[in-house]
Amino acid sequence: MQIVVLSILLLLPEPAPAWRSDTVREWARTLGEELWRLSESLTKSDQIRIKYKQMNASVKKKDGKQILDSSLRSVSTMLTRKINAVKCIHATAERLAAEFVYDNRTDYTYCSAKYSQFYDEHGTKIEGADEIPKFALNNPHYKDVSLEKDSHFYDINVNTSTSCIHVPTNIYYQETAALNAILWSKQLDEVFINNYKSDPSLVWQYFGSAHGVLRFYPGMPWKKGGADTYDCRVKSWYIEAATCSKDVIVLFDVSGSMTGFKNYVARRTLDALLATLSNNDYVNVYKFNSTILEVVDCFKGLVQATPENVATITDALEPLEDGKKPKVTLEGNANLTTAYIKAFKTLKEERERKQCNVSSTQGCNQLVMLITDYVPGNLTEVFEEHNREVVDNKTYIPVRVFTYLIGKEVTNVREIQWMACLNRGYFVHIHSVEEVQQQVLKYIKVIARPMILEGKDPPPTWTHANIDDTRTKKWDVSKDVEKPDEDKLVTSVAIPAFDKTDKNGNNALLLGVAGTDVPIDSIAKLAQPHQLGVNGYSFIVSNNGYLLLHPLLITSINKELQKNYNSVDFVEVEQVDDGKGPRELGDKIKLLRENLVNAREGSMMEVEVLYHYDNMRRIARVKHDYFFNKLEGTPFSMGISLPMGYGDTELMLKDNPLEAKQGQELVGVNVTTYFDFAYRVHPDWVYCKYHYLEGHESQNAEIEIFKFLVNISRNEIDITKKQYGEQAPSVEFDVNEHCSTTPLGRDDYYCNEDLVKQLVFDAKLSTPYFRTWEATDEERRLAEKYNVSVRFIATSSGMTRWHYIYDDTKNEKVDKEGNRMKEYPGKVFGDHYYNAIEETWYKGAVLQHMIDKESLVIATKLPVLDKIIKSRPPVANKDGDIIITASYAIFYKDGDSKTPAAVVGFQYMFSNFQDIFFKMTESTKGELKCDEDSNYDCYVIDSSGYVVMSKDSKDVGQFFGSVGTGKHTQQVMQSFVEKNVFEYTEVFNYQALCPDSIREVSDANCGFSVDTPLRVVSNFFKWLLVEAFLGIFNIFNCINHTYAVSIHKVYDYVADDSEFLEIETETESNSYESTTTNVPPIKNETKEPKEKEDEKVFSCDHSITLYILNQSHFLDSTGLYVVVNGEEDKCNPPYWATLVTKTNLLLVVLEKGPWTYDGCKEPPKIEPIPTPASRKSSEPCHKLDLGRLPRRPLEGCYTYHDKERNITECGIGSLTRANIVTHICMILLALLVSKLYL
């Protein structure tokens, strides 16, 4: 009987094998403890923590409000200095222009940015433009200019003793108005130079005249190559200063008469109009014939005039296939009455929404702009009914009307002119392409009239972020061409200047605009990034909610500047953890944005955020505290975000580490001895700096600080000197006081006292542990076993140090001048990782400490998953192996407070790690193995779900749920999610790009009509009629016609845009050779086929799923890690998983098998996926809800003045004189064409 029972027991299936769980737990414990021992021996983390105590460090609480207030005081003082510099330019310009008397002199010279001869600092001639116009060859008016590289101006060749002049291509410099501006503005050089001497942080200063002449300082050559299309009058700093915010509706004629060249000119006119709009403006374009529709279907009402929205509008009207297939059918008659009514009603709704008072001088600035070739007659009744409002028995005209008549042979000129004159607007007649820019810009002086007539000092205007082109590849003259475009952003402050020669002020003429650029990174440096600490950051938001500064702001992708780079909303980068879907905003983020937009002072505490890092590949669910306030003198707000739990503390030094400067006998060592071997400092942080960089150039940031440290040790430097005093001057601007400030000395400097002391402290603390490695034989064998290459430390002062334990040729030495030396010719650790607290391994280690205080973060490089990114570095290094980085956060505790003081770590090789792991599993008794012949697959994955160790090195860096054969790992990950081992969350990248191919349907505005046989015949007869009409017209007008009939009329129905483009290019290049506005004949050249281009991309939204390991799931009260068992199920194979001791790693062992998992739920993939809205259209329709979020209107904007009634100028009509025969022909032609359209 006993034998039977024993036999049955032996035949029974084994219960869930606890021994396998024990084996997996033992593997994880052995591996983790060995890694921890290795870390302690390499980094000396325990000794460093004790060293902080020995050096008498302590921890203090920091107040986010105080940090912000201190930053704001410094930033506000700096910005006030910039405003005063512009006010000096502005006041001087008005005075110089009023005093100047033009005397037709010919003995003048000036620096022409395009045509002067420039020489470098060695006297070598700098080659200019490839083709120089005849008038510019050996021109005595252009003086020679010598240049030298200036480190303050990014190593660009400049001349700080003079300014240079840029004249737009379509303006001749000897035209009276242009020459006047060149001559009277010459004395602005004195102001430019004095401003720069008083405030050496100033960069480009400039004055743009109302006639397009730009004088800029310091002098330098204009960019080489390509057509020069620059005109200062269409730049945001000029437009915004001169015109204030605007609501604009453009009525674009798409009737049958607007075909061919007229349509081309009309589109160029629209382009020019839209180019004058900025982020502060609202716009829409309606196409009209017998009906009226939005050019972009989803653009209802008014949309913000962001570069992206403007580009969408213009693209909707551009033909397809090199101009040969129209997107918009040109047919029917123009119903202008309906178009005007639609525009006026839309603008009235906008006034009501904004609660604008039409009787106020600071009401809504609203415009209707008509682009057409014909008006049917008098529309006075429409204007009387829809564009007149009576307030207190006084009639107001709320909307200005500007009319743009296209073409040479036109009728009813007086009617279209009166449309503008009766509605506070302006009329222009555009005959050809080269006239477009000049004619369009005339509306600016009309918009500026109320501000000029008001007679008050105009307020400074600040732009949204713009790129400094001189630092980009487009110009290719700067040392930092290869730097990210995010580092090249500037905001411009500008003030309009008025023509004071009109003593009565009745003409209200704009003289020009004065301005200067303010680099955003100079503001960021004053925001005290070192005080914000790890995972803290600052940001600047405009009155529209758009970002000027934010660590997650992306300006370029694939080295291409994005259309929407300066209109990225705050809510598009801040990810609040509220469970909302794409572009759904919760109450907290809306309230935070509203506070910023309205420039309120305050804070929001304990906001749950999804903090992502490592290029949006890793995420943590944390809480942040936000503090914000107005940036005085600007339309911007500044804020800081600090992480809860450690963001409110910082290291405090009780002893001054610089005491050596008071006498060598006190310490017996120079502080530079702490800097005589490998180190890097944060390149964007200011430790000490000279106001004037020229003459104090340093090859890198380390040499720069080393020179200061030498002088500090000699007691020759006062590190308490600040760049700007914290108290912003409250006195009103006075020309005599503020424009004659005492210049700074060439050797004047400034320092950040706390940061310098912290840096010296960290250098002293780290020196004994990272100059060499003191280790036992056992510790060295362990390091050799893992093939450890380098160990490192990074501190809160921005210092990074490293030491290669086997390859001494990579270890740097620093000489007495601060120059670093090493035998190895290539890059070393510090050349790759120099941003200290901003490095991924630093951020991750601190976040890990908040989960498990005594644990390492172990991770590898991750592959780039976004296929639109062209540069995707491999995970493996050049030797085919993979570097694994282990890091550990040292929190220093003082009493009840603690703060992240440093992060230490080391790097080792994947191949050794793999070998160690599999040898460990092979030595285990029993069937549980991880080799190729076993029945199990083994993985080590990190806390974000990425593979760190696998049998196949190609798995490293990949998402665990996507590796291996079959769907085993996928289903194990799904089981992890269900068991709460992993959780996932969805984040959104609202700054992504998508290829056109992902769209599910074609854009509604991209369709084009297919010509029917009837339409082809109709178009042929129209062409014949036009030919006949032009023949008659030429016969009767050959003498009296002011302008010759353009050959383009012949091609109205046959020429395409590509041919017009050739005409336009040729016309621009020869604009100085002729005084006529006629366009040269069309070239008849064979067009070469274009090479295959990259697929077109558009701005879109990505949904990204990120995973988080729930480490608390494995930590129980006994100190033993729980093993998660997955029993065999139809939806997952048997598996065992547990946390690797003292790390962020999860060891997973799963059984191989034939399972197929049909019908089983799968975990979300991690690849970026375009959101459903992004798939519907390449147009930014899904972003339009952002336009409905609160905006703060700009102050000091004048839109109406009673004295405008005294100004009668509203445009000049065509000079064409037509006789009775011409009129008869035109009437007959109109009748015949109308019949053909029916």
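The numbering scheme is per chain: residues are counted from 1 as the chain's sequence reads. Restriction of local features to residues with pLDDT of at least 70 applies here, the model being predicted, together with a cutoff of 80 or more for giving and counting side-chain atom pairs; totals for whole chains, interfaces and linings are based on all residues. The side-chain values count all of the structure's non-hydrogen atoms but skip hydrogen atoms and water molecules.

An unreviewed UniProt entry lists the protein under the name Voltage-dependent calcium channel subunit alpha-2/delta-3, with Bicyclus anynana as the source organism. In its Subcellular location (unreviewed entry) section, UniProt records this for the protein: "Membrane". UniProt positions are given in the numbering used here, feature names are shortened, and annotations may be inferred rather than shown by experiment.

*Asks:* What's the story with the confidence of the model for the protein in this structure? I'm lost.
*Replies:* Close inspection of predicted coordinates is inappropriate for parts of the model with low pLDDT. Values of pLDDT, ranging from 0 to 100, describe the predictor's confidence in every residue of the model. Summing up the model confidence of the protein, the mean pLDDT is 86 and the portion of residues at 70 or higher is 86%. Residue range residues 3-16 is modelled with pLDDT below 50. Its contacts to residues more than four positions away, or to other chains, number two contacts. Residues are treated as being in contact if the distance between any of their heavy atoms lies within 4.5 Å. Considering only residues more than four positions removed or in separate chains, one finds that residues 1002-1055, a stretch of pLDDT under 50, has 92 contacts.

*Asks:* Would you explain the packing of aromatic side chains in this entry?
*Replies:* Two measures describe an aromatic ring pair: the distance that separates the ring centres and the angle between the ring planes. Each pair of aromatic rings taken from Phe, Tyr and Trp, with Trp reduced to its six-membered ring, is defined by centres within 6.5 Å and is described as stacked if the planes are under 30 degrees apart, edge-to-face if over 60, and tilted in the remaining cases. This model, assessed by the stated rule, comprises 59 aromatic pairs. Seen in terms of ring centroids, Y172 and Y173 are 5.3 Å apart; in terms of plane orientation they differ by 70 degrees. Their pairing is edge-to-face. Look at Y172 and you get partly exposed, because its relative accessible area is 28%. Between buried and exposed lies partly exposed: a residue is buried under 20% and exposed over 50% of the maximum accessible area for its type, with that area taken using a 1.4 Å probe on protein chains only. In this structure Y173 comes out as buried when scored by relative accessible area, which is 4%. Judged by centre distance (6.2 Å) and plane angle (70 degrees), the rings of W462 and F636 are edge-to-face. With W462 in strand β19 (residues 461-462) and F636 in the loop between β28 (618-630) and β29 (637-643), this pair connects stretches of sequence that are 174 residues apart. Ring pairs connect the aromatic residues Y110, Y115, F135, Y142, Y172 and Y173, which therefore count as one cluster. Any Lys NZ or Arg CZ that is within 6 Å of a ring centre and within 35 degrees of that ring's normal is treated as a charge sitting over the ring. Over the aromatic face of Y990 sits the side chain of R583, whose NZ or CZ is 4.4 Å from the ring centroid. Against the face of F770 rests R791, its NZ or CZ located 4.7 Å from the ring centre. Helix and strand assignments follow DSSP, with helices taken as H or I runs no shorter than four residues and strands as E runs no shorter than two, numbered in order from the N terminus.

*Asks:* What exactly am I supposed to notice about the pairing of strand β45 (residues 1135-1139) here?
*Replies:* Here is the key point about a regular strand: its side chains alternate between the two faces of the sheet. In terms of burial, β45 is a largely internal element, five of the five residues being buried. Of the two faces of β45, both are covered, the one formed by Y1135, A1137 and L1139 as well as the one formed by W1136 and T1138. Sheet topology note: the strand β44 (residues 1124-1126)/β45 ladder contains three bridges and is antiparallel. Its bridge partner lying in β45, V1124 is registered against A1137. By definition, two strands form a pair when at least two bridges between them are found by DSSP. Relative to strand β46 (residues 1146-1151), β45 runs antiparallel, the two being bridged by five bridges.

*Asks:* When you look at the nonpolar core in this model, what are you seeing that I'm missing?
*Replies:* The nonpolar side chains of a soluble globular protein tend to be buried with one another. Counting residues in each nonpolar core, the largest one holds 216 residues, and the members touching the most others are Y404, Y443 and F675. Ranked by the residues each element gives to this core, the list is headed by helix α4 (residues 64-99), at 13 residues. Ignoring anything within four residues of it in the chain, the contact list for F675 reads F706, L709, L759, V760, A763, M799, R801 and V814. In this structure, A57, Y786, C930 and V1123 belong to the second largest nonpolar core, which totals 60 residues. The definition of a nonpolar core used throughout is a set of buried Ala, Val, Leu, Ile, Met, Phe, Trp, Tyr and Cys residues joined through side-chain atoms within 4.5 Å.

*Asks:* Honestly, the sheet that holds strand β41 (residues 947-949) in this entry has me stumped. Any pointers?
*Replies:* Two strands in a sheet stick together by hydrogen bonds in their backbones, pointing the same way (parallel) or opposite ways (antiparallel). A sheet is described by the order of its strands in space; here five strands give the open sequence β41-β40-β46-β45-β44, paired in antiparallel fashion. With one partner strand each, in any of the chains shown, β41 and β44 form the two edges of the open sheet. This sheet shows a mean twist of 25 degrees between the axes of neighbouring strands, independent of strand direction. Lines fitted to C-alpha atoms define the axes here, with helix axes fitted over just the stretch in contact, and angles between the N-to-C directions of these axes take values from 0 to 180 degrees. Each of β40 (936-941), β41 and β46 touches helix α25 (residues 910-922); the most contacted strand, β41, lies at about 70 degrees to it. This element, helix α26 (residues 968-978), spans β40, β45 and β46 of the sheet and lies at about 125 degrees to β46.

*Asks:* What exactly am I supposed to notice about the state of the cysteines here?
*Replies:* Such a bond, covalent and formed between the sulfur atoms of two cysteines, is termed a disulfide. Any two cysteine sulfur atoms lying within 2.5 Å of each other are counted as a disulfide. By the definition in use, this model includes nine disulfides. Across the disulfide from C421 sits C1210; the S-S distance is 1.7 Å. For the disulfide bridge between C421 and C1210, the dihedral angle about the S-S bond is near 75 degrees, and by the sign convention the bridge is right-handed. In this pair, C421 sits in helix α12 (residues 413-421) while C1210 sits in the loop between α29 (1172-1176) and α30 (1220-1237), placing the two residues 789 residues apart along the sequence. Two residues share a disulfide in this structure: C930 and C938, whose sulfurs sit 1.7 Å from each other.

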